[in-house]
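Residues per chain are reported as follows:
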Amino acid sequence: DTAVSQTPKYLVTQMGNDKSIKCEQNLGHDTMYWYKQDSKKFLKIMFSYNNKELIINETVPNRFSPKSPDKAHLNLHINSLELGDSAVYFCASSQLGAGGLYFGPGTRLLVL
Amino acid sequence: GQQVMQIPQYQHVQEGEDFTTYCNSSTTLSNIQWYKQRPGGHPVFLIQLVKSGEVKKQKRLTFQFGEAKKNSSLHITATQTTDVGTYFCALGFMTTDSWGKLQFGAGTQVVVTP
């Protein structure tokens, strides 16, 4: 049983397209996150939801829109994709204030 | 803003040797976490340190939190090829605007030669 799952695992698309990444966790955690990892492996938080409420919204272009339909799911929609959006996007979950983050396998996005 | 420095950026280790990676913060921390990411994989949570001067061990890994809660170290003894990967520290800050937010270090990329 996968604790945090993401789809798709790989995403290759043209500049200007719109794409979505989905994430689900079955750990019963109350908080979910989106992280971006660039080519230098730097991990930067983008968004966080606690019980479906947005609690962290970093300086991210508004082309990125997260959505949490329930506390087990967090999706990320990206409009008008740009070359600089190429990266690995990790979903993660945790019980806020109690322990570490559990990361999904990542979505490798390549914008051509 | 808060700054985090993780050193070294790269660590080339002979199998069987020990090495240490360090994480330093410009401000006092509420907690620090350590993660390991294998090549092509995702970060995996290793441990969380909360108390000043805390030392925790996991087999060959020893984690330490500084007395001033501004720095931490991860020491690995008798390195094995399975230790290959990037080790990240992640800092939890005390300020209310950082509540729930972890700031990751740049990572120490470890290569082990047999």
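So, here is what we can say about the structure in this document. (Residues numbered from 1 in each chain as written. Chains lettered and ligands numbered in written order. Predicted model: local features only at pLDDT ≥ 70, side-chain atom pairs only at ≥ 80, totals over all residues. Heavy atoms only, no water.)

## Describing the sheet that holds strand β8 (residues 71-76) of chain B
All names here are of chain B. The strand order across the open sheet formed by five strands is β1-β3-β8-β7-β6, and the pairing between neighbours is antiparallel. Either end of the sheet is taken by a strand with one partner, and the two such strands are β1 (4-7) and β6 (55-58). Pairs of neighbouring strands in the sheet enclose a mean axial angle of 15°, with direction left out of account. The pairing of strand β7 (residues 61-65) with β8 spans five bridges and is classified as antiparallel. Bridge pairing in β8 places Phe63 opposite Leu74. (Pairing = 2+ DSSP bridges. Helix = DSSP H or I, 4+ residues; strand = E, 2+ residues; numbered from the N terminus. Axes fitted to C-alpha atoms, helices over the stretch in contact; angles between N-to-C directions.)

## Structural notes on the nonpolar core
Of all hydrophobic cores here, the largest spans 20 residues; its most connected members are B:Ile32, B:Trp34, B:Leu46, B:Phe63, B:Leu74, B:Tyr87 and B:Leu91. Breaking this core down by element, the ones donating at least two residues are β3 (19-25), β4 (29-37), β5 (43-49), β7, β8, β9 (85-93) and β11 (108-113) of chain B. In terms of residue count, the dominant contributor to this core is β9(B) (four residues). Excluding anything up to four places from it in sequence, B:Leu91 contacts B:Val4, B:Cys23, B:Ser25, B:Leu29, B:Asn31, B:Ile32, B:Lys101, B:Leu102 and B:Gln103. Ranked by size, the runner-up nonpolar core spans 19 residues in total, among them A:Met46, A:Phe47, A:Leu74 and A:Ile78. (Core = buried A, V, L, I, M, F, W, Y, C linked by side-chain atoms within 4.5 Å. Buried < 20%, exposed > 50% of the residue type's maximum accessible area, 1.4 Å probe, protein only. Contact = heavy atoms within 4.5 Å.)

## Digging into the interface of chain A and chain B
In many analyses, interface size is given as the accessible surface area lost on bringing the parts together. Each side of the interface is counted separately: chain A has 19 residues, and chain B has 18 residues. Seen at the junction of chain A and chain B, the total is zero salt bridges. Between the two partners, chain A and chain B, sit four residue pairs in polar contact (both at pLDDT 80 or more). Looking at the side of chain A that touches chain B, the elements that each hand over two or more residues are β4 (31-37), β5 (43-50) and β6 (53-57) of chain A. With three residues, β4(A) is the single largest residue contributor to the side of chain A that touches chain B. Class assignment for the residues of the side of chain A that touches chain B results in twelve nonpolar, four polar and three charged. (Salt bridge = Lys/Arg side-chain N within 4 Å of Asp/Glu carboxyl O. Polar contact = N/O pair within 3.5 Å; in protein donor to acceptor, adjacent residues only side chain to side chain. Nonpolar A, V, L, I, M, F, W, Y, C, P; charged D, E, K, R; others polar.)

## Looking at the pattern of salt bridges
Close approach of charged atoms allows side chains of opposite charge to pair. For the structure shown, the criterion picks out four salt bridges over all chains. One salt bridge connects A:Glu82 with A:Arg63, and the closest N-O pair in it is separated by 3.5 Å. Of this pair, A:Glu82 sits in the loop between β8 (73-78) and β9 (87-94) while A:Arg63 sits in the loop between β6 and β7 (64-70), placing them 19 residues apart in sequence. The class of A:Glu82 is partly exposed, set by a relative accessible area of 42%. Exposure remark for A:Arg63: the relative accessible area of 14% places this residue in the buried category. Between B:Lys56 and B:Glu54 there is a salt bridge; the shortest N-O distance is 3.6 Å. What makes B:Lys56 partly exposed here is its relative accessible area of 30%. The network of salt bridges with common partners includes A:Arg63, A:Glu82 and A:Asp85.

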